[in-house]
Amino acid sequence: MSKLPRAILVDIIPPNMTPEDSLARLNELESLLVTYGGFVIVRKIQKKQVPDYKTYIGKGKVEELLEDALKLNVEFLIINNLLKPRQLYNLEAIFEKHAIKVWDKIDLILKIFDKHATTKEAKLQIELASLKHLGPRIFKMGLELMRQAGGIGTRGKGETNIEIMKRHIAAREKKIKADLKKVARNQEGQRNKRQSQGFKTVAIVGYTNAGKSCLLQALTNKKVKIKDELFATLDSRIGKVYLPEINQSILVSDTIGFIRDLPPELIEAFKSTLAETIHADLLLHVIDINDFEIEWKIEVVEKILKELKCDKKKMINVFNKIDLVTPQREKTIRNKYKEKNPVLVSASERENLTGLKSTITEYLFG
Ligand SMILES: Nc1nc2c(ncn2[C@@H]2O[C@H](COP(=O)(O)OP(=O)(O)OP(=O)(O)O)[C@@H](O)[C@H]2O)c(=O)[nH]1
Ligand SMILES: [Mg+2]
């Protein structure tokens, strides 16, 4: 028997969603779960125009899911939507009695982040995002924090535990924000220094797993973490790239990948990691040419760039992984995305990096 956690995946979708879209959504959730190390048992889809106010999932469906969960002996119920903390709290009240954890998509992403975070900055950002996401569920976490801190709850008899905890959490949030501000100031100083040295900066952006880190490594020879996993990269990395045509070097940065329905609180929490992107002179949008869900992934990235107010920046659309596709597919994509002036490369096979450097030179100095 597998030791991997057993889970039921459930997705609540509007009735008019196409079967392709709903399949793509569940596939993505499954990739997230595989990245986390989870094990899929059952996939369930419910069509519903308006999510249930109290529990997101409709009442009848909740009962059905609980029955299935008990029968199949699962440890997780994972919901492919962004729930309100109150809804998660109510669902937990039903499922936790049976030792079944309830996570929504943000919980899952946060757990993956937690596993992948190595820098202090990333860890702080994740903690901040978690605090924001937990809301009423924080009560339980607060008890845990109080236990760890050794009885903060003893102060002021008239206060309820929740009030003490809210204060405790608010204080923690304030402290994290202050620490992140320090990190941001430090980065700003470094950015200013690089700018005063006359370096132009290029930021790699794109959907998670498109090959951003691989491209950074190919361009800069800098050793970075490359993995066939979602959200392998959580911090930002910078390397120098020499442009032979103008005998000058530029700086290229890599950062966290995007995903559909990226919760706003995550973008907010990761602002300091995304600062490199926000301040870059040029963006490289890395797109996996071998991905059959290419179209909406491009849209998602463009939408998030807009939210970050980066949509007016100069951008090169880099279609990566051409080593994996047939000449026919290459031609189709070139045609389909003509107006995006695609530059086709293979980061891992180092194909057409010279062409890409030429285009970068043209965009930055032409
Ligand atoms: N065949 C092929 N595989 C590639 C290429 N570029 C990247 N990959 C693979 O794609 C996977 C993801 O690569 P990464 O560079 O980690 O992708 P990323 O965009 O940085 O992903 P996150 O940091 O997780 O958002 C890895 O398994 C790479 O080996 C390429 O040009 N060709
Ligand atoms: Mg990466």
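These numbers come from a predicted model, not from an experiment.

Asker: What is the right way to look at the overall build of the chain in this model?
Answerer: A count of helices and strands for the chain gives 13 helices and 10 strands. For the chain, the C-alpha atoms occupy an extent of roughly 70 × 50 × 40 Å along the three principal directions. Each of the 366 residues in the chain was classed as buried or not, and the buried ones make up 35%. Restricting to contacts in the chain with at least 6 residues of sequence separation, those with at least 24 account for 71%.

Asker: I keep staring at the pairing of strand E3 (residues 76-79) and nothing clicks. Help me out?
Answerer: Side chains on a regular strand alternate between the two faces of the sheet. Side chains Phe76 and Ile78 of E3 all project onto a buried face; the interleaved residues Leu77 and Ile79 project onto the opposite face, where all are buried too. Pairing of strand E1 (residues 6-13) with E3, which is carried by four bridges, proceeds in the parallel orientation. In the strand pairing of E3, Val10 is matched with Ile79. In this structure, E3 lies alongside strand E4 (residues 101-104), joined through four bridges in parallel fashion. In the sheet register, Ile78 faces E4, and the bridge partner there is Trp103.

Asker: Whenever I open this one, the site of ligand 1 confuses me. Can you help?
Answerer: Around ligand 1 sit 25 residues, and of these Gly211, Ser213, Asp228, Thr233 and Gly257 come closest. Sort the elements by how many residues they give to the shell around ligand 1 and helix H8 (residues 212-220) lands first, with three residues. Split into classes, the residues belonging to the shell around ligand 1 amount to eight nonpolar, 10 polar and seven charged.

Asker: Looking at this structure, I do not really get the sheet that holds E1. What am I missing?
Answerer: Sheets are built from strands that pair by backbone hydrogen bonding, the pairs being arranged parallel or antiparallel. If you trace the four strands from one edge of the open sheet to the other, you get E2-E1-E3-E4, paired in parallel fashion. In this open sheet, the two strands that pair with only one neighbour each are strand E2 (39-47) and E4. Within this sheet the neighbouring strands show an average axis-to-axis angle of 20°, counted without direction. In the packing of helix H2 (residues 59-72) onto the sheet, the strands contacted are E1, E2 and E3, and the crossing angle to E1 comes to about 160°.

Asker: How do you make sense of the environment of Glu293 when you look at a structure like this?
Answerer: Looking at where Glu293 falls in the secondary structure, it is placed in the loop between strand E8 (282-288) and helix H11 (294-307). Overall, the presence of 17 C-beta atoms within 10 Å leaves Glu293 in the partly exposed class. In this structure the C-alpha to C-alpha distance between Glu293 and Ser249, which are 44 residues apart in sequence, comes to 35 Å.

Asker: How should the nonpolar core be read in this particular structure?
Answerer: One broad trend across soluble globular proteins is that nonpolar side chains are buried collectively. One finds Leu77 and Ile78 to be the most contacted residues of the largest nonpolar core, which totals 84 residues. Per-element accounting of this core gives the leading share, six residues, to helix H4 (residues 105-116). Setting aside its immediate chain neighbours within four residues, Leu77 contacts Ile8, Val10, Leu65, Ala69, Phe95, Ile100 and Val102.

Asker: Sorry if this is basic, but what is going on with the domain arrangement of the chain here?
Answerer: How big an interface is tends to be expressed through the accessible area that disappears when the partners come together. Looking at the chain, the domain boundaries give domain 1 (6-108), domain 2 (117-179) and domain 3 (199-365). Between the C-alpha centres of domain 1 and domain 3 the distance comes to 32 Å. Of all the secondary structure elements, the ones that give two or more residues to the side of domain 1 that touches domain 3 are helix H1 (19-36) and H4. With five residues, the single largest contributor to the side of domain 1 that touches domain 3 is H1. Tallied by class, residues from the side of domain 1 that touches domain 3 come to four nonpolar, two polar and two charged.

Asker: What am I meant to see in the environment of Ser358 here?
Answerer: Inspection of the secondary structure puts Ser358 in helix H13 (residues 353-365). Separated by 114 residues in the primary sequence, Ser358 and Pro244 place their C-alpha atoms 8.7 Å from one another.

Asker: Looking at this model, I keep getting lost on the sheet that holds strand E9 (residues 314-320). Mind explaining?
Answerer: Overall, mixed pairing links the six strands, which are arranged E6-E7-E5-E8-E9-E10 in an open sheet. Taken across any chain shown, the strands that pair with only one partner, and hence form the sheet edges, are strand E6 (237-243) and strand E10 (343-344). Here strand E5 (residues 201-206) pairs with strand E7 (residues 248-254) via three bridges, running parallel. Across the sheet, Thr201 pairs through a bridge with Leu251, a residue of E7. Most of the contacts of H11 go to E8, to which it runs at about 155°, and overall it touches E5 and E8.

Asker: What am I meant to see in the pairing of E6 here?
Answerer: As paired strands, E6 and E7 are joined by seven bridges and run antiparallel to one another. Following the sheet pairing, Leu243 is matched in E7 by Gln248.

Conventions used here
Residues numbered from 1 in each chain as written. Chains lettered and ligands numbered in written order. Predicted model: local features only at pLDDT ≥ 70, side-chain atom pairs only at ≥ 80, totals over all residues. Helix = DSSP H or I, 4+ residues; strand = E, 2+ residues; numbered from the N terminus. Buried ≥ 20, exposed ≤ 12 C-beta atoms within 10 Å, placed from the backbone. Contact = placed C-beta atoms within 7 Å. Pairing = 2+ DSSP bridges. Near = placed C-beta within 6 Å. Nonpolar A, V, L, I, M, F, W, Y, C, P; charged D, E, K, R; others polar. Axes fitted to C-alpha atoms, helices over the stretch in contact; angles between N-to-C directions. Core = buried A, V, L, I, M, F, W, Y, C linked by C-beta atoms within 7 Å. Domains from an automatic or database assignment.

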